[in-house]
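Understanding the architecture of this molecule
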Amino acid sequence: MTGELAKRSYVIGQTEISARPLAPALYLVATPIGNLADITLRALETLAAADIVACEDTRVSRVLLDRYGIRRRTTAYHEHNAGEAGPKLIAALLAGQSVALISDAGTPLISDPGYRLVGEALDQGIRVVPIPGPSAPLAALTASGLPSDAFLFAGFLPVKTGQRLTRLEALKTVPATLIFFESPRRLAETLSAMVEALGGARKAAIGRELTKTFEEMRTGTLQSLAEHYEAADTPKGEIVICVGPSEATADEPEDIDRLLLSLAAEMPASKAAAEAAKMTGGQKQALYRRLLELKDAGQNGEIGKDGDG
């Protein structure tokens, strides 16, 4: 390539900066999730120096590249063409070229098919280099006010109601803050499902349009957030949901016993166990068995009417 397209440089303000040569490798380059000023200097230099820039959507990525005067060859690599495009990128890497992989926004491999390319590269002995930067899940987590010592990124939940509830039930007892992506159209429905599966008392936060002009972080309980978005118009923009871990998992066994007996006085045992599970984050089956034990003990006179023994 010659002329402008052959330039290995990037532009900041009015200054054009030459990019240093890049060693052959697969570079995973994080790009802004909204505000183009969030790009790192290392990311700019990597994109400017790479032989090939592989994009989730070349049209979306071209906006970023043009902003910083980067004139590199781009190729599409996404979920629908990974089977065809992946081997071509591997071949280029094996031939000694450098490939920079970027997604439409954020860190590659987070909810996109880049992990397949990375796996193939590692199998071929190709060096893989992370170029860290913006990440929507981490941006939302840090601004949510929820515990960040342990967290689980769970991606998008299933669209079908039954599968979504099953997935949430599986995540219910994870002792960490849960992070999800969601479509604005399904936000109210998903929050309602979270109330049903996780309990409405859990603390949560909704991040919308993070780093953009209309950025919003809304916090509260799952119940209050579900009620808000049920009544509000469908929000616009990218959505991240953060759900704090259950705060009731450390309840004393005696407290849980009293809760079970109190609920069982007003409803059938199975429903009482289900309600207790929602309130404590415990397993419904285990709580049901415990309730039966408490009832048997009461019938045998092992505990008094008030459960004091």
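To be clear, the structure that these remarks concern was listed above.
Below is a summary of the structure that appears in this document. (Residues numbered from 1 in each chain as written. Predicted model: local features only at pLDDT ≥ 70, side-chain atom pairs only at ≥ 80, totals over all residues. Heavy atoms only, no water.)

Quick notes on the packing of aromatic side chains
- As enumerated under the stated definition, the model contains 2 aromatic pairs in all.
- Taking 4.9 Å as the distance between ring centres and 70° as the angle between the ring planes, the aromatic pair formed by Phe 153 and Phe 181 counts as edge-to-face. Remark: Phe 181 occurs in strand β9 (residues 177-182) and Phe 153 occurs in strand β8 (residues 151-156); sequence separation between them is 28 residues.
- On the accessibility criterion, Phe 153 (27% relative accessible area) is partly exposed.
- Residue classification places Phe 181 among the buried positions, given a relative accessible area of 13%.
- Through a chain of ring-to-ring contacts, the aromatic side chains of Phe 153, Phe 156 and Phe 181 assemble into a single cluster. (Phe/Tyr/Trp six-rings, centres within 6.5 Å; stacked < 30°, edge-to-face > 60°. Helix = DSSP H or I, 4+ residues; strand = E, 2+ residues; numbered from the N terminus. Buried < 20%, exposed > 50% of the residue type's maximum accessible area, 1.4 Å probe, protein only.)

Here's the deal with the pairing of strand β1 (residues 9-12)
- Here 4 bridges tie β1 to strand β2 (residues 15-18), and the two strands are oriented antiparallel to one another. Directly across from Ser 9, in β2, lies its bridge partner Ser 18. (Pairing = 2+ DSSP bridges.)

Thoughts on the packing of helix α3 (residues 82-94) against helix α4 (residues 114-123)
- Where α3 meets α4, the closest approach of the two axes is 10 Å, and the angle between their N-to-C directions is 35°. By crossing handedness, the relation of α3 to α4 is classed as right-handed. On α4, the residues that touch Ala 82, Gly 86, Leu 89 and Ile 90 of α3 are Arg 116, Leu 117, Glu 120 and Ala 121.
- Grouping the constituent residues of the contact of α3 with α4 by class yields 5 nonpolar, 1 polar and 2 charged. (Axes fitted to C-alpha atoms, helices over the stretch in contact; angles between N-to-C directions. Left-handed = near helix turned anticlockwise from the far one by under 90°. Contact = heavy atoms within 4.5 Å. Nonpolar A, V, L, I, M, F, W, Y, C, P; charged D, E, K, R; others polar.)

Considering the environment of Ala 76
- Among the secondary structure elements, Ala 76 is positioned in strand β5 (residues 74-76).
- Distance in space between the C-alpha atoms of Ala 76 and Ile 102 is 9.9 Å, their sequence separation being 26 residues.
- Sequence-distant contacts of Ala 76, that is, excluding residues within four places in its chain, are made with Cys 55, Thr 58, Asn 81 and Ala 85.

Looking at the packing of helix α6 (residues 161-171) against helix α7 (residues 187-198)
- Closest axis-to-axis distance for the α6/α7 pair is 9 Å, and the angle between their directions is 50°. Judged by the angle between their axes, α6 and α7 are oblique. Our pair here, α6 against α7, has a crossing hand that is right-handed. Judged by residue contacts, Thr 161, Arg 164, Leu 165, Leu 168 and Glu 169 of α6 engage Glu 189, Thr 190, Ala 193, Met 194, Glu 196, Ala 197 and Leu 198 from α7. (Parallel < 35°, antiparallel > 145°, perpendicular 65-115°, else oblique.)

Topic: the sheet that holds strand β11 (residues 216-221)
- If you walk across this open sheet you meet the 5 strands as β8-β9-β12-β10-β11, and the pairing is mixed. Across the chains shown, the open sheet's two edge strands, defined by having one partner strand only, are β8 and β11. Ignoring which end each strand starts from, the neighbouring axes of this sheet average 20° apart.
- Bridge count between β9 and strand β12 (residues 239-243): 5 bridges; the pairing is antiparallel.

Digging into α6
- Turning to α6, its buried residues are Arg 164, Leu 165, Leu 168 and Leu 171. On an axial view of α6, the arc spanned by its buried residues comes to 120°, and they lie on one face. Within α6, the exposed residues directed more than 90 degrees away from the buried face are Thr 166 and Ala 170.
- Tucked inside the fold, the buried residues of α6 contact β8, β9 and α7. (Arc of directions from axis to C-beta.)

Here's the deal with the pairing of β8
- Pairing of β8 with β9 involves 5 bridges; the strand directions are parallel. Bridge pairing in β9 links Gly 155 to Phe 180.
- Handedness of the crossover joining β8 and β9 through α6: right-handed. (Right-handed = clockwise from strand over helix to strand, strands pointing away.)

Details of the pattern of salt bridges
- A full pass over the atoms with the stated rule returns 13 salt bridges.
- Of the charged contacts in the structure, one is a salt bridge between Glu 216 and Arg 208, with a shortest N-O distance of 3.0 Å.
- According to the relative accessible area criterion, Glu 216 is partly exposed, its value standing at 21%.
- Each of Arg 208, Glu 216 and Arg 218 takes part in a single network of salt bridges with overlapping partners. (Salt bridge = Lys/Arg side-chain N within 4 Å of Asp/Glu carboxyl O.)

Considering the sheet that holds strand β7 (residues 128-131)
- One open sheet holds the 5 strands; their spatial order is β5-β4-β6-β3-β7, and the pairing between them is parallel. Edge positions in the sheet fall to β5 and β7, since each has one partner strand and no second. Averaged over all pairs of adjacent strands, the angle between strand axes in this sheet comes to 25°, irrespective of strand direction.
- Examined bridge by bridge, strand β3 (residues 26-29) and strand β6 (residues 99-102) share 3 bridges and lie parallel to one another. From the neighbouring strand, Leu 26 faces β6, where its bridge partner is Val 99.
- Against the sheet, helix α1 (residues 41-49) contacts β3, β4 (52-55), β6 and β7, and its axis sits at roughly 135° relative to β7.
- Where α3 meets the sheet, its contacts fall on β3, β4, β5 and β6, and the angle it forms with β4 comes to roughly 160°.

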